[in-house]
Amino acid sequence: MLTPHTIQQSEEVNAQLDIAERARLQQLESIVEQGLHTFYEVGKALEEIREQKLYRETHKNFEAYCHEKWGITKRRAYQFIDAAEIVENLCTNVHNSLVKEYQIRPLKGLPPEVQLEIWKEAVESSPNGMPTGSAVQRLVEQRFPSLGSGRTGKDGASELEKLRSDNQRLREQIRSQNRERDRRSAAVALELEQLRAENRQLKAELRQRDKDWEVRLAAERIKIRAEVREQMKAEYEGQINSLTQQLAEMTANYQAVLARLTALEAKGK
């Protein structure tokens, strides 16, 4: 039977994000991707993703998003979120780039003013001003003895869970890097083979162009020779005709002179 909560959850699955939401999700995810050890920024990013349901386009709920996207449990995600809230409460007494999440984890659930008091005491009693998680835990147990037995076991279990989660995430990163390396190698090999094939084709085209040029050049030579012969033949025929005509004229003149001489000789007799 579908309950109103189930229907609402179903409607949120694959709900499209608008441009601003999608851009904000990318910004927040880049913060998480930079490293889960920077717990304050990660906690605030995860908190906003959860509160604004920016995961709804690809995942049905926040737990599935954390597991599939980052390889962490919902509990681990809430540890980051809770730790970020504690840091905000402690304010200037904590430098979030130096403090680890597990150091302030024992302060979870305590009133803000008590968190601040215990943290100040832990810092003052620490030789280097950076208390360990166990030192903070001891101060919490001293003030609240009833919380001691239960919190220590949970911390150990959380540490195991964190290590398992981190190891799983690292193994997945290695597999992902190997797959990406194989993909790039295959892409390079394919491109190299394509370039070799293209090189062979270009060389073949160049050789064919050389052959075509030689054939064309030979045809042009034959054509030029024929044209020269025709021009020379026409020129010589014109000269021969001109000389023949001149010879005919000279012959006619000679015959005319000869005829006059013959006539003169006949009168003299």
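Look above for the structure.
Rules behind the numbers
- Residues numbered from 1 in each chain as written.
- Predicted model: local features only at pLDDT ≥ 70, side-chain atom pairs only at ≥ 80, totals over all residues.
- Heavy atoms only, no water.
- Helix = DSSP H or I, 4+ residues; strand = E, 2+ residues; numbered from the N terminus.
- Buried < 20%, exposed > 50% of the residue type's maximum accessible area, 1.4 Å probe, protein only.
- Areas by Shrake-Rupley, 256 points an atom, 1.4 Å probe, with all protein chains shown as cover.
- Core = buried A, V, L, I, M, F, W, Y, C linked by side-chain atoms within 4.5 Å.
- Contact = heavy atoms within 4.5 Å.
- Patch = residues over 30% accessible without salt bridge, like charges linked within 9 Å, V, L, I, M, F, W, Y side chains within 5 Å.
- Salt bridge = Lys/Arg side-chain N within 4 Å of Asp/Glu carboxyl O.
- Phe/Tyr/Trp six-rings, centres within 6.5 Å; stacked < 30°, edge-to-face > 60°.
- Lys NZ or Arg CZ within 6 Å of the ring centre and 35° of its normal.
- Polar contact = N/O pair within 3.5 Å; in protein donor to acceptor, adjacent residues only side chain to side chain.

Focus: the overall build of the protein
In step 1: Scanning the protein from terminus to terminus reveals nine helices and zero strands.
In step 2: In the protein, the succession of α and β elements from N to C terminus is α-α-α-α-α-α-α-α-α.
In step 3: Looking at the protein residue by residue over its 269 residues, the buried ones come to 25%.
In step 4: Accessible area of the protein: about 19,300 Å², with a carbon and sulfur share of 55%.

Regarding the nonpolar core
In step 1: Ranked by size, the top nonpolar core spans 35 residues in total, and within it Phe-39, Leu-46, Phe-62, Tyr-65, Ile-104, Leu-107 and Ile-118 carry the most contacts.
In step 2: Elements that contribute at least two residues to this core include exactly α2 (19-33), α3 (39-51), α4 (62-70), α5 (74-90), α7 (112-125) and α8 (133-143).
In step 3: Considering every element that reaches this core, the biggest residue donor is α5, with eight residues.
In step 4: Look past the residues within four positions of Tyr-65 in its chain and what remains in contact with it is Leu-25, Glu-29, Leu-46, Ile-49, Tyr-55, His-59 and Trp-70.

Comments concerning a nonpolar patch on the surface
In step 1: On the surface, Ile-224, Val-228, Met-232, Tyr-236 and Ile-240 cluster together to form a nonpolar patch covering roughly 460 Å² of accessible area.
In step 2: Taking the relative accessible area as the measure of exposure, Val-228 reaches 36% and is therefore partly exposed.

Points about unusual backbone geometry
In step 1: For Lys-53, which is not glycine, the phi dihedral falls at a positive 55°.
In step 2: Residue placement: Lys-53 occurs in the loop between α3 and α4.
In step 3: Judged by relative accessible area, Lys-53 falls into the partly exposed class, the value being 30%.

Some remarks on the pattern of salt bridges
In step 1: Here the structure, examined in full by the defined rule, presents 13 salt bridges.
In step 2: The partner of Glu-57 in a salt bridge is Arg-22, and the shortest N-O contact between them spans 2.7 Å. Of this pair, Glu-57 sits in the loop between α3 and α4 while Arg-22 sits in helix α2, and the two are 35 residues apart along the sequence.
In step 3: Note on Glu-57: relative accessible area 17%, which makes it buried.
In step 4: Residue classification places Arg-22 among the partly exposed residues on the basis of a relative accessible area of 29%.
In step 5: The partner of Glu-47 in a salt bridge is Lys-44, with the nearest N and O atoms 3.1 Å apart. On the criterion of helical spacing, the pair formed by Glu-47 and Lys-44 is a turn pair, its members being three residues apart in helix α3.

Some thoughts on the environment of Ala-15
In step 1: Residue position: Ala-15 is located in the loop between α1 (4-12) and α2.
In step 2: Put simply, Ala-15 and Lys-53 are 38 residues apart on the chain and 9.8 Å apart in space, counted from C-alpha to C-alpha.
In step 3: Those residues in contact with Ala-15 that lie beyond four places of it in its chain are Arg-56 and Glu-57.

Observations concerning the packing of aromatic side chains
In step 1: Applying the stated rule across the entire model yields four aromatic pairs.
In step 2: Geometrically, the ring pair formed by Phe-62 and Tyr-78 is edge-to-face, given 6.0 Å between the ring centres and 90° between the ring planes. Taken together, the positions of Phe-62 in helix α4 and Tyr-78 in helix α5 put the pair 16 residues apart, joining distant regions of the chain.
In step 3: A relative accessible area of 27% means that Tyr-78 is categorised as partly exposed.
In step 4: Of the aromatic side chains, those joined through ring pairs into one cluster are Tyr-55, Phe-62, Tyr-65 and Tyr-78.
In step 5: Residue placement shows Lys-69 over the ring face of Trp-70; its charged tip is 5.4 Å from the ring centre.
In step 6: One cation-aromatic arrangement involves Arg-76 over Phe-80; the distance from NZ or CZ to the ring centre is 4.4 Å.

A few points about α4
In step 1: The complete set of buried residues in α4 reads Phe-62, Ala-64, Tyr-65, Cys-66 and Trp-70.
In step 2: Of the residues that open α4, the one with a side-chain oxygen 3.3 Å from the backbone nitrogen of Glu-63 is Asn-61.
In step 3: Where α4 ends, the next residue or the one after it, Gly-71, has phi of about 70°, a positive value.

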